[in-house]
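The chain contents come next:
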Amino acid sequence: MIIESFIHLISSPETITFMIFGVAFGVFLGALPGFGATLGIAMLIPFTFGMDPNVALPMLAGIYSGAIYGGGITAIMVGIPGTSAAAATVLDGFAMTQNGQSTKALTTSAVSSAFGGFVGGFSLLLLAPILARFTLWFGPAEYFMLAIFGLTIIATVVGKSMLKGIIAGLLGLSLSLIGLDPITGEPRYVFGEILLLDGLPLIPVILGLFAFPQSLKMINDALSGKSGTLSGRKGMSTGPAVKIKELLANWKTMLRSGILGTLIGIIPGAGANIACWIGVSEAKRASKHPEKFGTGITEGVIAAEAANNATEGGSLIPMLTLSIPGSGASAVMFGALMIHGMVPGPDLFTKYAAVTYNYIWAIIINSVFLLFIGYYGSRIFARMANIPVKFLAPVMIVITLLGAFATRQLNFDIGITIIIGTITYLLLTNGFSAPPILLGFILGPIAEKGFRRALLISQGDYSVFFTRPISLVILALTILSIYSVLRLSKMKEDSS
Amino acid sequence: MNKLLKNIKPDMISGGLILSFSLFIILQSIELRADARLIPLITALLIMVFSVTIIIGSFKSKNSESFSVAILKKNMDKPLLFIILLTLLYVFILPIIGFEITSFCYLIIVMAIIERELFWSRVLISGIVTLTLVFIFSFGLNLRIPLLFSKFFNI
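This section reports on the structure supplied with the text. These figures come from a predicted structure and were not determined experimentally. (Residues numbered from 1 in each chain as written. Chains lettered and ligands numbered in written order. Predicted model: local features only at pLDDT ≥ 70, side-chain atom pairs only at ≥ 80, totals over all residues. Heavy atoms only, no water.)

1. Notes on the overall build of chain A
Selection criterion: Strands here mean DSSP runs of E at least two residues long; helices mean DSSP runs of H or I at least four residues long; both are numbered from the N terminus. Only protein chains enter the area calculation, which uses a 1.4 Å probe; residues under 20% of their type maximum are buried, those over 50% are exposed, and those in between are partly exposed. By the convention used here, residues are in contact when the closest approach between their heavy atoms is within 4.5 Å. Computed by Shrake-Rupley with a 1.4 Å probe, the accessible areas treat only the displayed protein chains as cover when residues are assessed.
Per the secondary structure count, chain A includes 21 helices and 2 strands. Taken over 496 residues, chain A has a buried fraction of 64%. Taking as baseline every contact in chain A between residues at least 6 positions apart, the subset at least 24 positions apart corresponds to 78%. Summing over all exposed atoms, chain A offers an accessible surface of approximately 18,000 Å²; the carbon and sulfur share of this is 68%.

The structure is reproduced here in structure tokens:
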């Protein structure tokens, strides 16, 4: 059945055409701040009603792959992640653009994304039934420990001041507390506003943390006459593409991030948002020159992009086998499967095996399309750096506001973006950074739910976090992470 | 007054504001049930401790710029403040006069603030950008943007 599905897929020109369209459309959406894979898939689902699922599902898979890569384009070119999954790409990707190496960063991103998608897709194809069982062992205590592990990563990505990074992470965590209490349903910090009962919406918050302050910074730079173009130097050469030799030299980082991304994708709730940070963090830990991360090195881009694209395959493992969507995009894909009459679960691998394997093969083959579209289109994307800021910054603001409005069609969401964006801008000017706020915002609810549910189950016994084997393993990883960060800080101090 | 502003460091202001925010969370959390306020209280207390550390650190710091120079002059100039207020106004005007006119006017004004010359370039770019966005998102992606066009023709 697996081989038959592959032959069926590659012999259908219609499916291949729609897959290429899906990847290209995904790249376009991902490059627009706020218009990520989730929104892209959600917007195109209505158009797939009348389509054959063998065509529709591969196209939607293409949007996901393209959008994750597309999110990296703006992260590299403008310093604004088009999707939260590309937040870690900003660190080295944008630094490379500022060093005049935007084409190199974009081609590195294309190859790494394609490789990550390839690893994730193959893992899905080969390991789905086996690995999905592993997540069944995860209880609330494990989820809490996992979120804490994620929060410790903040310390590795904070930039200059660890203290300010931790505060930013806690501010993000406090933003995530707005809305109904996850256990008792009691409203918290909503001040009578019904629209806040569901909490702050993710997309307006992301736009407020990244797109809006970046636009303000661009305007401020233009007002003070600092820069006329995105690259800071008008007409600046974007440099050559990355050399294969350099990519091969970083094969370990690529493979490590691909595997990590797949594993993180399998864990429901974790997803590409966390995978990109863990990818960078682990690459930094394994590197002989960790101090070079954030200065504009290809290894940083490889680590983030291979990890975030690999999560697609991973996040579909629990969704397809256990009906547990591992990410926002896979939750929307869940809906797409239902629309086409396929209920996620064991039936997918028996009753609907042909369509399911067709869809999985599409994820793998989309990586090849992504490689070509990303690699050869990167010179076009790279030209974005020469757009005059005086025109681009106001347009970016309008697209950002439109992106905030798009998800729920509420003016309220635009207001959230502006308020969070202005506060973030002021924080950024004072040495704080935005990524820890986003990490705190994403991991906060996972940590709180896990912590309180674990205590409810154990009837208030705190030992539940330290006696379960998986929980202990994650705890050990957390301690190791804190130790590595402290050691790294000491090394930095010694060298300076 | 000027001397006082010179002695105030940016970290004192940001630390003070964040400290006030943590106190606000604590005060709001008191009304919540015990289990619902546990995590907010822990978060707020941690923010409080770290923000006090930042404030104390700013007293020791000798090299950092004063608040007036670092924030008011460099990063929050009057035109930028005006653009932020204009963006807030955009939210209120959008449902009344529609996306096309609001965005067109907003783009022209913001571009004019950044650079006063090139009037016709501004008008042309604002028009093209607005129409392209309407075409892509409203007609292409079927996104429900508040358009004056749809109101006028009752679409």
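Moving on from the model shown.
2. Observations concerning the environment of threonine 295 of chain A
Residue and element names in this part refer to chain A. Relative to the elements of secondary structure, threonine 295 occurs in the loop between helix H13 (271-286) and helix H14 (298-322). Residue classification places threonine 295 among the partly exposed positions, given a relative accessible area of 44%. Excluding anything up to four places from it in sequence, threonine 295 contacts Asp92, Ala95 and Asn99.

3. Description of the pattern of salt bridges
Note on pairing: side chains with opposite charge can pair once their charged atoms come close. All names here are of chain A. Applicable threshold: The salt bridge criterion pairs a side-chain nitrogen of Lys or Arg with a carboxyl oxygen of Asp or Glu, the two atoms within 4 Å.
Applying the stated rule across the entire model yields 10 salt bridges over all chains. A salt bridge links arginine 188 to glutamate 448, with the nearest nitrogen and oxygen atoms 2.8 Å apart. On the criterion of sequence distance, the pair formed by arginine 188 in strand S2 (residues 187-188) and glutamate 448 in helix H19 (residues 434-457) is long-range, its members being 260 residues apart. Given a relative accessible area of 1%, arginine 188 falls into the buried group. For glutamate 448, a relative accessible area of 3% puts it in the buried group.

4. Re empty space enclosed by the protein
As a reminder of what qualifies: Whether a set of points on the 1 Å grid over the protein atoms alone is a cavity depends on a 1.4 Å probe fitting there but being unable to get out, while an open set qualifies as a pocket with protein on both sides within 12 Å along at least five of seven lines; lining residues are those with an atom within 4 Å of a point. Grid points are joined across faces, edges and corners, and a volume is the space filled by probe spheres set on the points. Put simply, Ala, Val, Leu, Ile, Met, Phe, Trp, Tyr, Cys and Pro go in the nonpolar bin, Asp, Glu, Lys and Arg in the charged bin, and everything else, Gly too, in the polar bin.
Applying the stated criterion to the full structure yields 2 cavities of 30 Å³ or more. As a volume, the second largest cavity reaches approximately 30 Å³. Classifying every residue of the lining of the second largest cavity by side-chain character gives 3 nonpolar, no polar and 4 charged.

5. So, the interface of chain A and chain B
Put simply, the test is: As a working definition, buried area equals the accessible area (1.4 Å probe) given up by two parts on being put together, with both sides summed. By the criterion applied in these results, polar contacts are pairs of N or O atoms within 3.5 Å in which, for protein atoms, one can donate a hydrogen and the other can accept it, and in which residues neighboring in sequence qualify only through two side-chain atoms.
Listed as interface residues are 55 residues of chain A and, on the opposing side, 61 residues of chain B. The contact between chain A and chain B buries some 5,100 Å² in all, and 81% of this surface belongs to carbon and sulfur atoms. Here chain A is connected to chain B by 1 salt bridge. For the salt bridge of lysine 164 of chain A with aspartate 11 of chain B, the shortest nitrogen-to-oxygen distance reads 2.9 Å. On the surface where chain A and chain B come into contact, there are 6 residue pairs in polar contact (both at pLDDT 80 or more). The biggest single contributor to the side of chain A that touches chain B is helix H17 (residues 389-408) of chain A, with 11 residues. Residues of the side of chain A that touches chain B, tallied by class, amount to 39 nonpolar, 9 polar and 7 charged.

6. Points about the packing of aromatic side chains
The relation between two aromatic rings is expressed through the spacing of the ring centres and the mutual angle of the planes. Residues and elements named next belong to chain A. Condition: The criterion for an aromatic pair is that two Phe, Tyr or Trp rings (for Trp, the six-membered ring) have centres within 6.5 Å, with stacked assigned to planes under 30 degrees apart, edge-to-face to planes over 60 apart and tilted to the rest. Whether a charge sits over a ring depends on NZ of Lys or CZ of Arg being within 6 Å of the ring centre and within 35 degrees of the ring normal.
A complete count under the given rule lists 13 aromatic pairs over all chains for this structure. Geometrically, the ring pair formed by phenylalanine 451 and tyrosine 462 is tilted, given 6.2 Å between the ring centres and 50° between the ring planes. Note that phenylalanine 451 is positioned in helix H19 and tyrosine 462 in the loop between H19 and helix H20 (464-467), a separation of 11 residues in sequence. What makes tyrosine 462 partly exposed here is its relative accessible area of 46%. Centre to centre, the rings of phenylalanine 451 and phenylalanine 465 are 5.5 Å apart; their planes meet at 5°, and the pair counts as stacked. You can see phenylalanine 451 sitting in helix H19 and its partner phenylalanine 465 sitting in helix H20, a full 14 residues away along the chain. Across this residue pair, the class does not change: phenylalanine 451 and phenylalanine 465 are buried. Put simply, the rings of Phe144, Phe451, Tyr462, Phe465 and Phe466 touch in pairs and so form one group of aromatic residues. A cation over an aromatic ring shows up here: lysine 164 above the ring of phenylalanine 432, its NZ or CZ 5.4 Å from the ring centre.

7. Some thoughts on helix H2 (residues 13-31) of chain A
Put simply, the rule is: What a helix is expected to span follows from its residue count: subtract one and scale by 1.5 Å.
Between its first and last C-alpha, H2 of chain A extends 27 Å over 19 residues, near the 27 Å set by a 1.5 Å rise per residue. Residues of H2 of chain A that are buried: Thr15, Ile16, Met19, Gly22, Val23, Phe25, Gly26, Val27, Leu29, Gly30 and Ala31 of chain A.

8. Description of the packing of H19 of chain A against helix H3 (residues 34-60) of chain B
For clarity, the cut-off: Angular values range over 0 to 180 degrees, each being the angle between N-to-C directions of two axes fitted as lines to C-alpha atoms, with helices fitted over their stretch in contact. Should an angle fall under 35 degrees it is taken as roughly parallel, and over 145 as roughly antiparallel, whereas 65 to 115 is taken as roughly perpendicular and any remaining angle as oblique. Each crossing gets its hand from how the near helix is turned against the far one by less than a right angle, where anticlockwise is left-handed and clockwise is right-handed.
Two elements in contact, H19 of chain A and H3 of chain B, have axes whose closest approach is 11 Å; the angle formed by their N-to-C orientations is 135°. Taken as axis vectors, H19 of chain A and H3 of chain B run oblique relative to one another. Along this stretch, H19 of chain A crosses H3 of chain B, giving a crossing that reads as right-handed. Residues Glu448, Phe451 and Arg452 of chain A of H19 of chain A form the contact with H3 of chain B, whose participating residues are Asp35, Ala36, Leu38 and Ile39 of chain B. Along the lines of polarity and charge, the residues of the contact of H19 of chain A with H3 of chain B split into 4 nonpolar, no polar and 3 charged.

9. Looking at helix H10 (residues 202-223) of chain A
Residues lying three or four places apart along an α-helix face the same way, a consequence of the helix completing one turn every 3.6 residues. Residues and elements named next belong to chain A. To keep it simple, the criterion reads: At any given residue, the bend is defined as the angle formed between two axes, one fitted to the seven residues that end at that position and one fitted to the seven that begin there.
For H10, which comprises 22 residues, the first-to-last C-alpha distance of 31 Å matches the rise-based estimate of 32 Å (1.5 Å per residue) to within 8%. Along H10, the helix axis deviates most sharply at glycine 208, where the bend reaches about 40°. Just past H10, the residue glycine 225 takes up positive phi, approximately 70°.

10. Details of the nonpolar core
To keep it simple, the criterion reads: The nonpolar core is taken to be a set of buried Ala, Val, Leu, Ile, Met, Phe, Trp, Tyr and Cys residues, with the residues joined through side-chain atoms within 4.5 Å. By convention here, the domain bounds are inherited from an automatic or database domain assignment.
Core analysis: the largest hydrophobic core is formed by 164 residues, its most contacted members being Leu57 and Phe465 of chain A together with Phe99 of chain B. Inspection of this core shows a minimum of three residues originating in each of domain 1 (2-73) and domain 2 (78-152) of chain B. Setting aside anything within four residues of it in sequence, one finds phenylalanine 465 of chain A in contact with Ala141, Phe144, Met145, Phe451, Ala454, Leu455 and Ser471 of chain A. Core analysis: the next-biggest nonpolar cluster, separate from the first, contains 6 residues, Val242, Leu247, Met254 and Ile302 of chain A among them.

Taken by themselves, the reported measurements are silent on function.
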